[in-house]
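# Structural characterization, general
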Amino acid sequence: MKIAVLTSGGDSAGMNAVVRSVVKIGILRGCETWIVREGYEGLVRGNTQDYVPYEAPLADPIAAKRARGGVKSTIFENLRFGDGDLLRDGTLDHPNGRSLKGRYIVRAGFDDVRGWFAEGGTLIGTARCKAFRTQEGRLAGAHNLIKEGIDALVVCGGDGSLTGADVFRAEWPTLIDTLLAQGLITQEQHAKHGHLRIVGLVGSIDNDMSMTDLTIGAPTALQRICEAIDNINSTAASHSRAFVLEVMGRHCGWLALLAGVSTGADFIFIPEQPPQANPWEDELCEEIKRHREIGKRKTIVIVAEGAHDANLQPIRAEYVKDVLSERLGLDTRVTTLGHTQRGGRPCAFDRILPTLQGEEAVKALLESTPDTPSYMIGVRENKITRVPLMEAVAMTKAVADAITAKDFAKAMSLRDPEFLQSFENFLTTSTLFKEKQLTADKRMRVAIMHIGAPAGGMNAATRAAVRYCIKQGHTPLAVHNGFRGLLDDFIHEPSWLGVDGWTVRGGSELGTNRILPDVDLGAVAARFQEHNFHGLMLIGGFEAFNALLILENGRKHYPSFNIPMVHLPATISNNVPMTEFSLGSDTSLNALVDACDSIKQSASASRNRVFVVETQGGKCGYIATMGALATGASLVYTSEKGMDLDLLRQDVKFLKIRYGLDAKGRSEGRLVIRNECASTVYTTDMMTKMFKEEGGALFDSRSASLGHTLQGGVPSPMDRARAARLSLRCMAFLEEHHDKLQLQPSRVKIAPPESAAVITIQGSALKWVPVQEMVQHADMKNRRGKELWWAGVKDLVEALSGRSELL
């Protein structure tokens, strides 16, 4: 099969990762892989110049003989076609005389796309093509594909681009019949290309496609927005100013909404849910005024570019500024972020997600038949999905139709379930309610505690819980310094304004340590009774899970533990059993990606250098494995797989082959990522010296230990938004089980086992797992789960580096 990949419509971070993934996975699956420059425009133009083969000399001619014992491999036969530098640099000419002039459909080799995922935008170009909207244009596109023998197409773009792809496939039989009738193709070509296989991936910073949680480029765009707002926050507070920020989102308010949740904005305007009040200016001013009256020094209002009121009249940032200035007397500024939201290097998730989706796209193409629909590759929570492309496009258009019809409830329902939850979460955490939502008999005293190592999102989760408590009428009780602080009676009641800036703060504002309640369980129970806790939220990693288990077991001895208790996983190691994501893991991955990009730049400048990078993670290899996928590492070592001499011998052989196959004088800096607990014998220092010794004239070696840099820094927007979502679900859990306990007739309440649980992300759903059940799925000795959803990613990392094919 010959697979071509094109990017169309607007550019978004992560598109290069899609191209890289499709090319490499396609070659590994035995396919020829091609790229189409300039989107559908390039498909219509085709090639007017012939391809001139070019074989760059190998750095080590013996490498070809070492690879698979001299038997040519798929990678070796498809290593490069000399166009990688031309595509990456955006140039048409090359010193050796090669050129891309007159060539829009270009064959791509395994090494032609290396390192692409660290680049923003799309290196193969994109364009909106009027010609392809006509049948004549699509006829030319079909002819150009058939001339190159291509029978499968991967399209990465927005709903318009994917609609065009589906129309192209639907018309394909008619198009090839016309080409045959016009004598442009032979009968043999007509028979061979009777079926065009198409699959779509959604590249859109707006995250506006239905039937998928995230579109490629949206996480990076959100990160750019939050970085800007984080910077604006400090100057806003310094001058007691109001800032109105306009963000992208003509038809979808996802960026404005998630930015509002992630940065602690005061008010947002999104197309799907305009302000309820008429006039809306009163609602805005009343909310901002309440915030200012309790002492808030800054005001942040976020406006999606497609925002409007209930009558579909546009709401502009400049007008919002005038309202705040004239009616409230606030010193107000406007900032329009514009195309800065599209640019920059992709974040970790926008490298991992497109890579996994690209792999699924190739699988879908290989399994495609004339009877199967064109698929869109999407994601639900952490599960890569295939959905009929046109169903997703139709639902997406239905959202716009509902907004036009002023049916905003329907528009919200047609978005993914997390969108509505995020909107409710924003209202809960940003609104200063006048009245308590619950009657006095339903109110609780809720203790909130951080346990274990710090992780990004801990403070955001605490802020959300505190504000929810205040809204409902509960009493939030912040316990400082974990169980040691509880025993020292270091407890205070935080205020609504007191936690205002916590969303963007890394580390742990409450303080955290690894001390467990069994240090003095009786004294802990006494503190529970003294402060009359009605519920407990533990935010942390494996230690918090252990703490919850100890408290649940202690219920039979200490009545004060018979209250609902919940654990919200927060650890960079992502080692809590049964959940696929913990707060802090995304922040840590982003820190690792930033560091490794800099390290790889240094390694590449030296041409032939291997960096052995040590990561944190304890005996859980999640950060090392997913970090290796996100940075394009050649090898990854984890404690789950272990290390031995045979493995190291094979890896040294692979590196020699891999460097030997590089073009002479053009070797690439490469990364080897090692989890800190991968081995007690084969240490980072030992491996670095071994690679240096064995590399000889082919490659050098250096090491880098990232250490606690992976724990610090500003939390990523994904961790902030997830923190708010999970924290509010935890509070609802505590309320539900508190109400059930209150129904018990006896004076001494007996809490059931299910009232002590861990909130988990499993596949495409959030699930509560009782802590006693969790033990059955935990490797208590190694402090990780028994089943690891990401275990197979190590094989993908090594496949994408060529190890599995060359050895």
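Conventions and cut-offs
Residues numbered from 1 in each chain as written. Predicted model: local features only at pLDDT ≥ 70, side-chain atom pairs only at ≥ 80, totals over all residues. Heavy atoms only, no water. UniProt positions renumbered as here; feature names shortened; annotations may be inferred. Helix = DSSP H or I, 4+ residues; strand = E, 2+ residues; numbered from the N terminus. Rg over C-alpha atoms; globule rule 2.2 N^0.38 Å. Buried < 20%, exposed > 50% of the residue type's maximum accessible area, 1.4 Å probe, protein only. Contact = heavy atoms within 4.5 Å. Lys, Arg positive; Asp, Glu negative; His and termini not counted. Charge placed at Lys NZ, Arg CZ, Asp CG, Glu CD. Phe/Tyr/Trp six-rings, centres within 6.5 Å; stacked < 30°, edge-to-face > 60°. Pairing = 2+ DSSP bridges. Axes fitted to C-alpha atoms, helices over the stretch in contact; angles between N-to-C directions. Salt bridge = Lys/Arg side-chain N within 4 Å of Asp/Glu carboxyl O. Parallel < 35°, antiparallel > 145°, perpendicular 65-115°, else oblique. Nonpolar A, V, L, I, M, F, W, Y, C, P; charged D, E, K, R; others polar. Expected span 1.5 Å × (residues − 1). Patch = residues over 30% accessible without salt bridge, like charges linked within 9 Å, V, L, I, M, F, W, Y side chains within 5 Å. Areas by Shrake-Rupley, 256 points an atom, 1.4 Å probe, with all protein chains shown as cover. Core = buried A, V, L, I, M, F, W, Y, C linked by side-chain atoms within 4.5 Å. Domains from an automatic or database assignment. Buried area = accessible area lost by both parts, 1.4 Å probe. Polar contact = N/O pair within 3.5 Å; in protein donor to acceptor, adjacent residues only side chain to side chain. Left-handed = near helix turned anticlockwise from the far one by under 90°. Disulfide = S-S within 2.5 Å.

In the nomenclature of an unreviewed UniProt entry, the chain corresponds to ATP-dependent 6-phosphofructokinase from the organism Paxillus involutus ATCC 200175. According to its UniProt record, the chain has this under Subunit (unreviewed entry): "Homotetramer." What UniProt states about the chain under its Cofactor (unreviewed entry) heading is, verbatim, "Mg(2+)".

The number of helices and strands found in the chain is 28 helices and 24 strands. In summary, the chain has a C-alpha radius of gyration of 28 Å against a globular reference of 28 Å for 807 residues, a match within 12%. When burial is assessed residue by residue, the chain has 62% of its 807 residues classed as buried. Considering only intrachain contacts with a sequence separation of at least 6, the fraction spanning at least 24 residues in the chain is 80%. Distance from the positive charge centre (93 side chains) to the negative charge centre (94 side chains) of the chain: 3 Å.

Looking now at the packing of aromatic side chains. Taken as a whole, this structure holds 17 aromatic pairs when the rule is applied. Note on Tyr51 and Phe81: the rings are 6.3 Å apart at their centroids and 65 degrees apart in plane angle, and the pair reads as edge-to-face. With Tyr51 in the loop between α2 (39-45) and α3 (63-66) and Phe81 in the loop between α4 (74-77) and α5 (84-89), this residue pair connects regions lying 30 residues apart in the sequence. Of the residues examined, Tyr51 reaches a relative accessible area of 35% and is grouped as partly exposed. For Phe81, a relative accessible area of 10% corresponds to the buried category.

On to the sheet that holds strand β15 (residues 535-540). Reading across the sheet, the seven strands line up as β14-β13-β12-β15-β16-β21-β22 and stay open at both edges, with mixed pairing between neighbours. The outermost strands of the open sheet, each flanked by one partner alone, are β14 (491-492) and β22 (765-770). Where strand β12 (residues 445-451) meets β15, six bridges bridge the pair, whose relative direction is parallel. Its bridge partner lying in β15, Ile448 is registered against Met537.

Attention now moves to the sheet that holds strand β7 (residues 267-269). Taken in spatial order, the four strands make up an open sheet running β7-β8-β6-β9, and their pairing is parallel. Edge positions in the sheet fall to β7 and β9 (332-336), since each of these pairs with one other strand and no more. Each strand of the sheet is rotated relative to its neighbour by a mean of 15 degrees, with strand direction disregarded. Looking at chain direction, β7 and strand β8 (residues 299-304) are connected through three bridges and run parallel. Paired with Phe267 across the two strands is Val301, which belongs to β8. Helix α10 (residues 254-263) rests against β6 (242-247), β7 and β8 of the sheet, and its axis sits at about 165 degrees to β8.

With respect to the secondary-structure elements, Leu796 resides in helix α27 (residues 793-801). It is 9.8 Å that separates the C-alpha atoms of Leu796 and Thr625, two residues lying 171 residues apart in sequence. Once residues within four sequence positions are removed from consideration, Leu796 is found in contact with Ile25, Thr355, Leu356, Glu359 and Leu629.

Attention shifts here to the UniProt feature "binding site: ATP" (unreviewed entry) in the chain. Feature annotation in UniProt assigns "binding site: ATP" (unreviewed entry) to the following positions: Gly10, Arg128, Cys129, Gly158, Asp159, Gly160 and Ser161. The named residues occupy 152 residues along the chain; their greatest pairwise C-alpha distance, 14.2 Å, places them in one compact cluster. Among the structural elements, Arg128 can be located in the loop between β3 (105-107) and α6 (135-147). Setting aside residues no more than four positions away along its own chain, Arg128 makes contact with Gly9 and Gly10.

Right, let's talk about the pairing of strand β21 (residues 756-762) for a bit. Of all the seven residues making up β21, seven are buried; the element is thus mostly covered by neighbouring parts of the structure. Looking at chain direction, strand β16 (residues 565-569) and β21 are connected through three bridges and run parallel. In the strand pairing of β21, Met565 is matched with Ala756.

Counting through the fold element by element, Ser161 comes out in helix α7 (residues 159-181). Contacts of Ser161, omitting those with residues within four sequence positions, involve Ser8, Gly9, Tyr40 and Val155.

With respect to the helices, strands and loops of the structure, Asn546 is situated in helix α20 (residues 542-553). With residues up to four places along the chain from it excluded, the contact list for Asn546 reads Leu516 and Met780.

The next subject is the pattern of salt bridges. Scanning all chains against the criterion turns up 53 salt bridges. Across the pair Asp83 and Arg103 runs a salt bridge, and its minimum N-O distance is 3.1 Å. In this pair, Asp83 sits in the loop between α4 and α5 while Arg103 sits in the loop between α5 and β3, placing the two residues 20 residues apart along the sequence. Exposure class is identical for Asp83 and Arg103. Each is buried.

Before going further, it helps to examine the packing of α6 against α7. Look at α6 against α7: their axes get within 9 Å of each other, and the N-to-C directions meet at 75 degrees. Taken together, the axes of α6 and α7 lie roughly perpendicular to each other. Mapping the contact onto sequence places Gln135, Arg138, Leu139, Gly141, Ala142, His143, Leu145 and Ile146 in α6 and Val167, Phe168, Glu171, Trp172, Thr174, Leu175, Ile176, Thr178 and Leu179 in α7. Residue classes in the contact of α6 with α7 are distributed as 10 nonpolar, five polar and two charged.

Moving on: α6. Taking 1.5 Å of rise per residue, the 13 residues of α6 would be expected to cover 18 Å, and the 18 Å separating its terminal C-alpha atoms lies within 8% of that figure. Among the residues making up α6, those that are buried are Gly137, Arg138, Leu139, Gly141, Ala142, His143, Asn144, Leu145 and Ile146. Elements that come into contact with the buried residues of α6 comprise α2, β3, α7 and α8 (187-192). Just downstream of α6 lies Gly149, where phi reads positive at about 75 degrees.

On the surface, Arg128, Lys130, Arg133 and Arg250 cluster together into a positively charged patch. Overall, the relative accessible area of 58% leaves Arg128 in the exposed class.

Before going further, it helps to examine the nonpolar core. Among the nonpolar cores identified, the biggest contains 167 residues, and Ile35, Trp254, Ile302, Leu629, Tyr637 and Phe691 are the most heavily contacted of them. In terms of residues, this core owes the most to one element, helix α25 (residues 717-742), which gives 10 residues. Counting residues in hydrophobic clusters, the runner-up holds 35 residues, among them Ala142, Leu145, Leu153 and Leu175.

This next bit is on the domain arrangement of the chain. Put simply, an interface is often sized by how much accessible area is lost when its parts join up. Here the chain is described as being made up of domain 1 (2-214 + 346-397), domain 2 (218-341), domain 3 (444-583 + 715-781) and domain 4 (588-710). Relative placement of domain 1 and domain 2: their C-alpha centres are 39 Å apart. Of the roughly 990 Å² buried where domain 1 meets domain 2, counting both sides, 62% is carbon and sulfur surface. Summed over the three residues of domain 1 that lose the most area to domain 2, namely Ile205, Asp206 and Cys347, the buried surface amounts to 52% of that side. For the pair domain 1 and domain 2, the number of links is zero salt bridges. At the boundary of domain 1 with domain 2, the tally comes to two residue pairs in polar contact (both at pLDDT 80 or more). Counted by class, the side of domain 1 that touches domain 2 contains six nonpolar, two polar and three charged residues.

Axis separation between α7 and helix α14 (residues 389-404) bottoms out at 10 Å; the angle between their running directions is 140 degrees. The orientation of α7 with respect to α14, classified from their angle, is oblique. Regarding α7 and α14, the two cross each other, and that crossing is left-handed. Side by side, α7 and α14 meet where Asp159, Leu162, Thr163 and Asp166 of the first sit next to Leu389, Met390, Val393, Thr396 and Lys397 of the second. The residue makeup of the contact of α7 with α14, split by class, is four nonpolar, two polar and three charged.

It is worth spelling out the state of the cysteines at this point. What makes a disulfide is a covalent bond joining the sulfur atoms belonging to two cysteines. Per the counting criterion, the structure on display carries zero disulfides. Its sulfur unpaired, Cys31 is 19 Å from the next cysteine sulfur, which belongs to Cys156. Cysteine Cys469 is unpaired, with the sulfur of Cys730 as its nearest cysteine sulfur at 12 Å.

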